[in-house]
Amino acid sequence: MGRTLIRLINDHGTLHLAGGLEAKGSAALGQDLGVLAGGEKLGLSASDDALALMAEADGVIDFTTPAATIELAGLAAQARSVHIIGTTGFDAAQEDAITAAARHARIVKSGNMSLGVNVLAGLVKQAAAQLGDAWDIEILDMHHRHKVDAPSGTALLLGEAAADGRGVELNNMRESGRGGLGAPRATGAIGFAALRGGSVVGDHEVIIAGENEQIRLAHRAEDRDIFARGALKAALWAHDKSQGLYTMQDVLGL
């Protein structure tokens, strides 16, 4: 994602690349960002000094790890800057830390930055609201073999949309990884199944099943550029907003 962002920012025309951040000890440190992205030299080297980079930039676009994101959120709060979070897999304490940082920073956080996925989430919310819990909702996600969190952040985003449509808390209705001879499916449950394999960028399907009929809403990511483009749109949108925690639904006016 970092390489993709470098390339798209460099080609954007409106946005200016201030620098690139890498983990301490990374083999990429000190290398030219343009070369790392497969292009010509830009005269900017990969750095592990987050504080110095944040001081130079109006914002940071972040597809990293939960621990790194929390550090960046704190720096964004100090700088009153924009923080676009595409990282997933946060625990409850980390979610609270991001919410606290958003009192001072302009944070846009989403389990998926794709514009198409966020439109899909709006459709899921609308369908769940109209059909009620007499219809069963199952969410399937498939990703490449190296994906570390399951269900994916996108699957959880879609589950939150379904729960919002029904006016319930997802944590109270979520069912994941069924197996064995368990109890029958609970009324109103929102089920998740995660598949991992190969080099799949991201496939997601929401199945809403009623008596003798089904609705299937799906999205297939064919290139990681879609996530970077959504993140850049979010960064431009957040630039003149007040401090707060936003989602891609806000960016798209949904």
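Below you will find a few notes about this structure. (Residues numbered from 1 in each chain as written. Predicted model: local features only at pLDDT ≥ 70, side-chain atom pairs only at ≥ 80, totals over all residues. Heavy atoms only, no water.)

## Quick look at the overall build of the protein
Then, number 1: Counting its regular elements, the protein contains 10 helices and 11 strands.
Then, number 2: The C-alpha radius of gyration of the protein comes to 19 Å, within 12% of the 18 Å expected for a compact globule of 254 residues.
Then, number 3: By principal-axis analysis of the C-alpha atoms, the protein measures approximately 60 × 40 × 30 Å.
Then, number 4: Residue burial in the protein is summarised as follows: out of 254 residues, 41% are buried.
Then, number 5: In the protein, once contacts between residues fewer than 6 apart in sequence are set aside, the share between residues at least 24 apart is 65%.
Then, number 6: Surface summary for the protein: the accessible area is close to 13,300 Å², and the carbon and sulfur share equals 50%.
Then, number 7: Considering the protein, the positive charge centre built from 22 side chains and the negative charge centre built from 31 side chains are found 1 Å apart. (Helix = DSSP H or I, 4+ residues; strand = E, 2+ residues; numbered from the N terminus. Rg over C-alpha atoms; globule rule 2.2 N^0.38 Å. Buried < 20%, exposed > 50% of the residue type's maximum accessible area, 1.4 Å probe, protein only. Contact = heavy atoms within 4.5 Å. Areas by Shrake-Rupley, 256 points an atom, 1.4 Å probe, with all protein chains shown as cover. Lys, Arg positive; Asp, Glu negative; His and termini not counted. Charge placed at Lys NZ, Arg CZ, Asp CG, Glu CD.)

## Considerations on the pattern of salt bridges
Then, number 1: For the coordinates displayed, the defined rule picks out 13 salt bridges.
Then, number 2: For aspartate 141, the salt bridge is made with arginine 196, and the minimal N-O distance between the two is 2.6 Å. Pair noted here: aspartate 141 is in strand β6 (residues 136–143) and arginine 196 is in strand β8 (residues 190–196), with a separation of 55 residues, a long-range link.
Then, number 3: On the basis of relative accessibility, which here comes to 0%, the residue aspartate 141 falls in the buried class.
Then, number 4: In this structure arginine 196 comes out as partly exposed when scored by relative accessible area, which is 28%. (Salt bridge = Lys/Arg side-chain N within 4 Å of Asp/Glu carboxyl O.)

## What to know about the nonpolar core
Then, number 1: Counting 21 residues, the largest nonpolar core has Val124, Ile137, Ile139, Leu158, Ile190, Val206 and Ile208 as the members making the most contacts within it.
Then, number 2: If you list the elements that add at least two residues to this core, you get α6 (115–131), β6, α7 (153–166), β8 and β9 (202–210).
Then, number 3: Among all residues touching isoleucine 139, those that are not within four sequence positions of it are Ala155, Leu158, Gly159, Ile190, Gly191, Phe192, Ala193, Glu205 and Val206.
Then, number 4: Ala50, Ala77, Ala105 and Ile107 belong to the second-largest nonpolar core, a separate cluster that totals 15 residues. (Core = buried A, V, L, I, M, F, W, Y, C linked by side-chain atoms within 4.5 Å.)

## Looking at the sheet that holds β6
Then, number 1: What the five strands build is an open sheet, ordered β7-β8-β6-β9-β10; its pairing is mixed. With partners counted over all chains shown, the strands left at the sheet margins are β7 (174–176) and β10 (213–221), one partner each. For this sheet, the mean angle separating the axes of adjacent strands, direction not counted, is 20 degrees.
Then, number 2: Across nine bridges, β9 lies against β10 in antiparallel orientation. For aspartate 203, the partnering residue across the bridge sits in β10 and is arginine 220.
Then, number 3: The strands touched by α7 within the sheet are β6, β7, β8 and β9, with β8 carrying the most contacts at an inclination of about 170 degrees. (Pairing = 2+ DSSP bridges. Axes fitted to C-alpha atoms, helices over the stretch in contact; angles between N-to-C directions.)

## Quick notes on the sheet that holds strand β11 (residues 244–246)
Then, number 1: One open sheet accounts for four strands, arranged β3-β4-β5-β11; its pairing is parallel. Two strands close off the open sheet at either side, each with one partner strand: β3 (59–62) and β11. If you compare each strand with its neighbour and ignore which way they point, the axes differ by 15 degrees on average.
Then, number 2: Examined bridge by bridge, strand β4 (residues 82–85) and strand β5 (residues 106–109) share four bridges and lie parallel to one another. If you follow isoleucine 84 over to β5, its bridge partner there is valine 108.
Then, number 3: Packing against the sheet, helix α4 (residues 66–79) makes contact with β3 and β4, and its axis sits at approximately 160 degrees to β4.
Then, number 4: In this fold helix α9 (residues 225–238) packs onto β3, β4, β5 and β11, with an angle of close to 155 degrees to the strand it touches most, β4.

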